[in-house]
Number of protein chains: 4
Amino acid sequence: MHRIPVGVLGASGYAGQELCALLSAHPQFDLAFATANSRQGQVLRVRAGLAGVREVPLIANETAPLGDVALVFSALPHGASVDSVGLALSAGARVVDLSSDLRPGHGGSTHPIPANVPNSVPYGLPELFRDGIAEAPVVANPGCYPTSILVALAPFVRAGLVAPDALVSVAAASGVSGAGASPKLELLFAEVTENFRAYGVGNAHRHLPEMRDSLARLGGTCDLLFTPHLLPVDRGILSTITVPLAAPLADPLGVLRDAYAHEPFVEITDALPALQDVVHRNVVRITAVPVQHVRTPTLQLFSAIDNLVKGAAGQAVQNANLMFGLPETAGLPQ
Amino acid sequence: MHRIPVGVLGASGYAGQELCALLSAHPQFDLAFATANSRQGQVLRVRAGLAGVREVPLIANETAPLGDVALVFSALPHGASVDSVGLALSAGARVVDLSSDLRPGHGGSTHPIPANVPNSVPYGLPELFRDGIAEAPVVANPGCYPTSILVALAPFVRAGLVAPDALVSVAAASGVSGAGASPKLELLFAEVTENFRAYGVGNAHRHLPEMRDSLARLGGTCDLLFTPHLLPVDRGILSTITVPLAAPLADPLGVLRDAYAHEPFVEITDALPALQDVVHRNVVRITAVPVQHVRTPTLQLFSAIDNLVKGAAGQAVQNANLMFGLPETAGLPQ
Amino acid sequence: MHRIPVGVLGASGYAGQELCALLSAHPQFDLAFATANSRQGQVLRVRAGLAGVREVPLIANETAPLGDVALVFSALPHGASVDSVGLALSAGARVVDLSSDLRPGHGGSTHPIPANVPNSVPYGLPELFRDGIAEAPVVANPGCYPTSILVALAPFVRAGLVAPDALVSVAAASGVSGAGASPKLELLFAEVTENFRAYGVGNAHRHLPEMRDSLARLGGTCDLLFTPHLLPVDRGILSTITVPLAAPLADPLGVLRDAYAHEPFVEITDALPALQDVVHRNVVRITAVPVQHVRTPTLQLFSAIDNLVKGAAGQAVQNANLMFGLPETAGLPQ
Amino acid sequence: MHRIPVGVLGASGYAGQELCALLSAHPQFDLAFATANSRQGQVLRVRAGLAGVREVPLIANETAPLGDVALVFSALPHGASVDSVGLALSAGARVVDLSSDLRPGHGGSTHPIPANVPNSVPYGLPELFRDGIAEAPVVANPGCYPTSILVALAPFVRAGLVAPDALVSVAAASGVSGAGASPKLELLFAEVTENFRAYGVGNAHRHLPEMRDSLARLGGTCDLLFTPHLLPVDRGILSTITVPLAAPLADPLGVLRDAYAHEPFVEITDALPALQDVVHRNVVRITAVPVQHVRTPTLQLFSAIDNLVKGAAGQAVQNANLMFGLPETAGLPQ
């Protein structure tokens, strides 16, 4: 079976490491190079599932042989990624960009977009927006929080079940790997263990533009309030989503089951999803619960993902599978 | 200085242990007995602050010399506590009941209330309802979640700043000690570590009646949606409270600072409160943040407490101090 | 490819759950039944690697169709397992027993061994004692601690490099999953988090007989001191082994590399092994470090395993692979 | 009661923060200044026990008014501390140095010692070497590991109960706060949680010289092997100490109880000490267990401390109390 050479830019971050791990075990992609300026010359040890541990040499971004691969995954920091996307395209490679630079609203970044990079690229959340990914030269991989929230909300928004102009409120909590692998005081073990706090409050998180834009694309007219929290866990996101309804809903779980009956990476469950249910898997696990004892019909959605898999590297591989006509599930833990 | 003999019923639970620790270091209360049927005959080691570790012998509930003490703290399970409250009153002791049996709504319990127990007793949240505590034969100690939520919300409800009939939504997260010390599979370390999940969803938690009743007492007309989550930490509760406002609010922090200027156990802060800020302290730490990018004026409150201290044992001692005319802060870590 | 029906007794413990997970993803074994008296009638959700989550119905031990399978894995408690081993043999099935009942020294158990169970069965630590496993009707699966310790020590003992009659001292630390999934106070999250302690001290742990017997089989004359500790982690064991040497050793790593050059499940490393290197993998990861500044030549070995995989379920599948002539690595994460 | 002005150099590290917390609640010391070049201009929030939270302004080391205080605590990094000790002495202050610069062996540092600093200063482990501390201009505060190990070993070494020339082997494990508060990749939460590993192996840890020197002072002729490990906890050290004995010992606990009958900060216990028993307390908690099933008489000691309290800041305050003729227990949680 003919193999497809791919490369990873920014492999030393947690998302980059997860990408290298998934690609090292992928049935058709070959990891041709991995870059990490902060750790160039070192070797990255990644766990390739049943295939065991693989050692990936890290080179400098500047020395990446972009022209030798069919696809480049960019896990470079927000703001710094888009220029490398341009270089990869110029070199003839296609790109999955894990940064927010090319997502709707550009993650609030004002960094200029290179001339050869399309100003609008497909938003790679296949369960909602699969069209256009297969042909795209560049795909913008969604943020971790938006993935957990949009997949849960979309069926209700699309069906017009959400009260018009209402405020959809999301309290979400993420493991620390979502904050990246660069050493910061507030990410030290002693600061995080036995602790819990909100951050990025006031509805000003970088992920809001892509969520608002996506809800509008789905026909939503609701406001969105998003409040992230930092959990003392390594990985995983749980989003607790409160949805004012246009009218009482007899079978909210049915709405989810119908919407995702044919999606291999969405799990609809009667039980409340927990982080331990989803870590190391490329799934969104969701349940829906009607709210009692309130005047207006209200629904709660609970949505769990692994922020590094379905929230980043796994979804990037899922997009790459689509871009190269492979089975969407190739090399991905369901 | 004359000392006051007190006793603890249900000392082997985490709240009971915390009570014994605080009372062992209290300047005027003397711990005369501590009961725990599950561990009778054993000795409980508790940390009495600077005073070091004290050993407390555990006796059977039935053998507690209720008549020998001026005050009984009941940390017995919900439903099982109220009968012991009756016995203590008959024996001539006053009581602080940490269970939900005598709180507004009786925690949803249908357990009959003994004849000699008042059907309505002061709800011991001094920062909001100090009147009546000093004289009361029995005080109902509030739940941990209600303490964190009501103290934050009250100034806005009292001042009529909350939009009438609106839905106030609370996403709260608690450490596992809130679930007690009786061995259950879901509380094992392996089940809780690296995990996070909601529980008691659908707005059906035992703490809701006392919160709804208290909000009404404060003049509130809002609905309340309360969604608790289980954190992989030992102790601490963070409540994230979303409040629809009647009108935009220029200085929400000012509202809190004015309301609690003279309260020793309420900390108003510019920074976001974290669990590590409050553990082992008898305080509620709160901040307020206006929500941007939404059509209707909305406020978020973030409130942190130690569920075993201000959420249980510390508040119980605070009530006991009031009941016996002691300084409200006696023996309590601020 | 023809498939082999197997069953699991005692599937609700952590080792039993891991067995069901591995067997659900195994290329040739079919999980025909799984028993758990404490949870009969319930469904066990297990993660079968890339194959995703599988649901395994739990039945009562008594109703297990032992005659319908070629192999039974018994993960029943120590003392309770051997009788079921007898029943399985009578029903015509072969057995891998994960309990200590049939290990050398019988884990100190005095429980009578059924007439149809061989009094001495192969000790299923393939890297050291592969002979006899393939033909055996019953194999005793080693303990988790012994696996981590014996694999590291064996090459030095076999080569006569350990000082005669010396004391080999092992300080080992295990995650709580090693203590099983039955609710006990000391295994509650609040008791384990931010804590660390020794247990089973005085050289009296159940695992000592099988370690002493195995060292003797390898030609060792040394004494063994084994001190286990409880870690605030879910899974993983690290053994720190201090070895008095007969003479200074130029290249201890070379001794290990030569011994295990052809073993797929042993990793010899220059770096110090950490639990995160081995969790969810069927490997023993080992390094060796000479001790400086002491009068007598001394070596330290550091050995890490996942107590539920190479320390239990993974090794059981490895033994089963050998018993049925499959590739030793079939269905096992290296 | 007349108060004594003191200052802290290096207050932003975890030991420095603990010092500021203890001093803010001390009955006779007044914290006059605290320095932290990395965070100068910021305010440090510390918890002063029952006294509540205090805010400590951080200034630059260079601007510290060394002449205005009677005592300077230096919690500056190893190698960087001794020069500041010299400056403090020149300014007329006495000093407790928490670094290893002035301990026996100087922590292996070759950094030149200023002319006005005595080349040999009292080693401030009062339970073993109280003489000379009261009068000393400078005291070297012991390391955390040495404190836990030496206090446990000393009574047996002093009484000649340890086998001559034998190898005493220590496997110790510490929480991450022992590694300091400067951001490093290996101290990030995601790297430490669910992990455990040894470090500084081969008997080459910086703390060995002070332990070897102290054992010799106590009359010991034994070798010492010290192997530290990193625990996924914030604070606490457990040392597991294996001691070859000159002869079997009938009552090892009695030896410890006799030795420390009058020491307020040493707890001898029948039970195995755990980190949760000692955190936030200025104590060493120890038990002794005879080893069975070995040819030569062997003893195991288990010793637990809080690395930031008895292992650093608490012991520093204990030394300061002695230097100024205060009760040794003043301001210290037993």
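The rules behind the values
- Residues numbered from 1 in each chain as written.
- Chains lettered and ligands numbered in written order.
- Predicted model: local features only at pLDDT ≥ 70, side-chain atom pairs only at ≥ 80, totals over all residues.
- Heavy atoms only, no water.
- Contact = heavy atoms within 4.5 Å.
- Buried area = accessible area lost by both parts, 1.4 Å probe.
- Salt bridge = Lys/Arg side-chain N within 4 Å of Asp/Glu carboxyl O.
- Polar contact = N/O pair within 3.5 Å; in protein donor to acceptor, adjacent residues only side chain to side chain.
- Helix = DSSP H or I, 4+ residues; strand = E, 2+ residues; numbered from the N terminus.
- Nonpolar A, V, L, I, M, F, W, Y, C, P; charged D, E, K, R; others polar.
- Buried < 20%, exposed > 50% of the residue type's maximum accessible area, 1.4 Å probe, protein only.
- Axes fitted to C-alpha atoms, helices over the stretch in contact; angles between N-to-C directions.
- Parallel < 35°, antiparallel > 145°, perpendicular 65-115°, else oblique.
- Least-squares fit on C-alpha atoms with pLDDT ≥ 70 in both.
- Pairing = 2+ DSSP bridges.
- 1 Å grid on protein atoms, 1.4 Å probe; cavity = no way out; pocket = protein on both sides within 12 Å on 5 of 7 lines; lining within 4 Å.
- Points joined across faces, edges and corners; volume = space filled by probe spheres on them.
- Phe/Tyr/Trp six-rings, centres within 6.5 Å; stacked < 30°, edge-to-face > 60°.
- Domains from an automatic or database assignment.
- Right-handed = clockwise from strand over helix to strand, strands pointing away.
- Expected span 1.5 Å × (residues − 1).
- Bend = angle between axes of the 7 residues up to and from the residue.

### Some remarks on the interface of chain A and chain C
Piece 1. Listed per partner, the contact involves 20 residues of chain A and 20 residues of chain C.
Piece 2. Together chain A and chain C conceal approximately 1400 Å² of surface at their shared face, both sides included; 43% is due to carbon and sulfur atoms.
Piece 3. On inspection of chain A and its partner chain C, the count reaches two salt bridges.
Piece 4. Counting across the interface, chain A meets chain C through two residue pairs in polar contact (both at pLDDT 80 or more).
Piece 5. Counting residues per element, the side of chain A that touches chain C draws most heavily on helix H8 (residues 275–278) of chain A, at three residues.
Piece 6. Per-class residue counts for the side of chain A that touches chain C are seven nonpolar, six polar and seven charged.

### Here's the deal with the pattern of salt bridges
Residue and element names in this part refer to chain D.
Piece 1. In the structure shown here, the tally under the stated rule is 61 salt bridges over all chains.
Piece 2. Across the salt bridge formed by Glu-127 and Lys-310, the nearest N and O atoms sit 2.9 Å from each other. A residue pair is termed long-range when its members are at least 10 positions apart, and Glu-127 in helix H3 (residues 126–129) and Lys-310 in helix H9 (residues 309–323) qualify at 183 residues. For the pair shown, Glu-127 and Lys-310 are each scored as buried.

### Section: the packing of helix H4 (residues 144–158) of chain B against helix H7 (residues 252–259) of chain B
When two helices pack together, their arrangement is given by the angle between their axes and by how far apart the axes lie.
All names here are of chain B.
Piece 1. Running from amino to carboxyl end, H4 crosses H7 at an angle of 100 degrees, the nearest separation of the two axes being 10 Å. Here H4 lies roughly perpendicular to H7, going by the angle between them. The segment H4 lies against H7, with Ala-152, Pro-155 and Phe-156 engaging Pro-252, Val-255, Leu-256 and Ala-259.
Piece 2. The residue inventory of the contact of H4 with H7, partitioned by class, reads seven nonpolar, no polar and no charged.

### Digging into the relation of the copies chain D and chain C
Piece 1. Note on the copies: chain D fits chain C at an RMSD of 0.0 Å, the axial shift is 0.0 Å, and the rotation between them is 180 degrees. With respect to symmetry, the two chain copies, as superposed, fit the operation of a two-fold axis.
Piece 2. A symmetric contact is evident, with 100% of the interface residues of chain D recurring at the interface of chain C.

### Examining the side chain of Ser84(C)
Piece 1. Secondary-structure assignment places Ser84(C) in helix H2 (residues 81–90).
Piece 2. Residues within four places of Ser84(C) in sequence aside, it is in contact with Leu9(C) and Leu76(C).

### Overview of the sheet that holds strand E12 (residues 266–268) of chain A
Piece 1. One open sheet holds the seven strands; their spatial order is E9-E10-E8-E11-E14-E13-E12 (chain A), and the pairing between them is mixed. Two strands bound the open sheet, and with one partner strand each, they are strand E9 (197–198) and E12 of chain A.

### A word on empty space enclosed by the protein
Piece 1. As enumerated under the stated definition, the model contains ten cavities of 30 Å³ or more in all.
Piece 2. Roughly 150 Å³ of volume is contained in the largest cavity.
Piece 3. Partitioned by chemical class, the residues of the lining of the largest cavity number eight nonpolar, four polar and four charged.

### Overview of the packing of aromatic side chains
Piece 1. For the structure on display, the rule yields 16 aromatic pairs over all chains.
Piece 2. Relative to Phe189(D), the ring of Phe189(A) has its centre 5.2 Å away and its plane inclined at 10 degrees; by these criteria the two rings are stacked. Of this pair, Phe189(A) sits in helix H5 (residues 189–192) while Phe189(D) sits in helix H5 (residues 189–192), which puts the two residues in different chains.
Piece 3. Ring geometry for Phe196(C) against Phe196(D): centres 6.1 Å apart, planes inclined by 40 degrees, an arrangement best described as tilted. With one member in each of two chains, Phe196(C) in the loop between helix H5 (189–192) and strand E9 (197–198) and Phe196(D) in the loop between H5 and strand E9 (197–198) form a pair that bridges those chains.
Piece 4. Residue Phe196(D) is classed as buried on the basis of its relative accessible area, which comes to 4%.

### Quick notes on the domain arrangement of chain A
Residue and element names in this part refer to chain A.
Piece 1. By the assigned domains, chain A splits into domain 1 (4–121) and domain 2 (145–307).
Piece 2. Taking only C-alpha atoms into account, the centre of domain 1 sits 27 Å from that of domain 2.
Piece 3. Facing eleven residues of domain 1, the contacting portion of domain 2 comprises nine residues.
Piece 4. Regarding the contact of domain 1 and domain 2, the summed buried area is about 790 Å², with carbon and sulfur atoms giving 57% of it.
Piece 5. Summed over the three residues of domain 1 that lose the most area to domain 2, namely Tyr-14, Arg-103 and Pro-104, the buried surface amounts to 56% of that side.

### Here's the deal with the pairing of strand E1 (residues 4–9) of chain C
Along a regular strand, successive side chains alternate from one face of the sheet to the other.
All names here are of chain C.
Piece 1. Within E1, five of the six residues are buried, leaving the element largely enclosed by the surrounding structure.
Piece 2. Direction of pairing for E1 relative to strand E2 (residues 29–35): parallel, over a ladder of five bridges. When the bridges of E2 are listed, Val-6 appears paired with Leu-31.
Piece 3. In this view, the connection linking E1 to its parallel neighbour E2 by way of helix H1 (residues 14–24) has right-handed handedness.

### Quick word on the interface of chain D and chain C
Piece 1. With 50 residues of chain D at the interface, the matching set in chain C holds 51 residues.
Piece 2. Between chain D and chain C, roughly 3700 Å² of surface is buried when both sides are summed, and carbon and sulfur atoms account for 57% of that area.
Piece 3. Here Arg295(C) makes a salt bridge to Asp223(D), at a shortest N to O gap of 3.3 Å.
Piece 4. One can count 26 residue pairs in polar contact (both at pLDDT 80 or more) joining chain D with chain C.
Piece 5. Those elements that place two or more of their residues in the side of chain D that touches chain C are strand E8 (167–174), H5, E9, strand E10 (223–230), strand E11 (237–244), helix H8 (275–278), strand E13 (284–290) and strand E14 (298–305) of chain D.
Piece 6. Among the elements that make up the side of chain D that touches chain C, the one with the highest residue count is E10(D) (five residues).
Piece 7. A per-class count over the side of chain D that touches chain C returns 26 nonpolar, 15 polar and nine charged.

### Concerning the sheet that holds E11(D)
Residues and elements named next belong to chain D.
Piece 1. Across the sheet, which stays open at both edges, the seven strands sit in the order E9-E10-E8-E11-E14-E13-E12 with mixed pairing between neighbours. Lying at the two open borders of the sheet, with one neighbouring strand each, are E9 and strand E12 (266–268).
Piece 2. Direction of pairing for E9 relative to E10: antiparallel, over a ladder of two bridges. In the strand pairing of E10, Arg-197 is matched with Leu-230.
Piece 3. Together, E12, E13 and E14 form the strand contacts of helix H7 (residues 252–259), whose direction differs from that of E13 by roughly 155 degrees.

### Brief notes about the environment of Leu238(B)
Piece 1. By the element assignment, Leu238(B) lies in strand E11 (residues 237–244).
Piece 2. The residues touching Leu238(B), leaving out its near neighbours within four places in the chain, are Phe196(A), Arg197(A), Ala198(A), His229(A), Ala171(B), Ala172(B), Ala173(B), Pro273(B), Leu275(B), Ser303(B) and Ala304(B).

### Remarks on H4(B)
What sets the pattern is the α-helix's 3.6 residues per turn: residues three or four places apart point alike.
Residue and element names in this part refer to chain B.
Piece 1. With 15 residues, H4 ought to run about 21 Å at 1.5 Å a step, and its terminal C-alpha atoms sit 21 Å apart, in line with that.
Piece 2. At Leu-150, H4 shows its maximal bend, which comes to roughly 35 degrees.
Piece 3. H4 sits mainly inside the fold: 14 of its 15 residues count as buried.
Piece 4. A positive backbone phi angle near 70 degrees is found at Gly-160, which sits one or two residues after H4.

### Some points on the pairing of strand E5 (residues 71–74) of chain B
All names here are of chain B.
Piece 1. Across the two faces of E5 the burial is the same, with Leu-71 and Phe-73 and Val-72 and Ser-74 all buried.
Piece 2. Of the pairings in the sheet, the one linking strand E1 (residues 4–9) to E5 comprises four bridges and is parallel in character. Bridge pairing in E5 places Val-6 opposite Leu-71.
Piece 3. Here E5 runs beside strand E6 (residues 94–97); their pairing, made up of four bridges, is parallel. Its bridge partner being in E6, Phe-73 is matched across the sheet by Val-96.
Piece 4. Traced from E5 through helix H2 (residues 81–90) to E6, the parallel crossover comes out right-handed.

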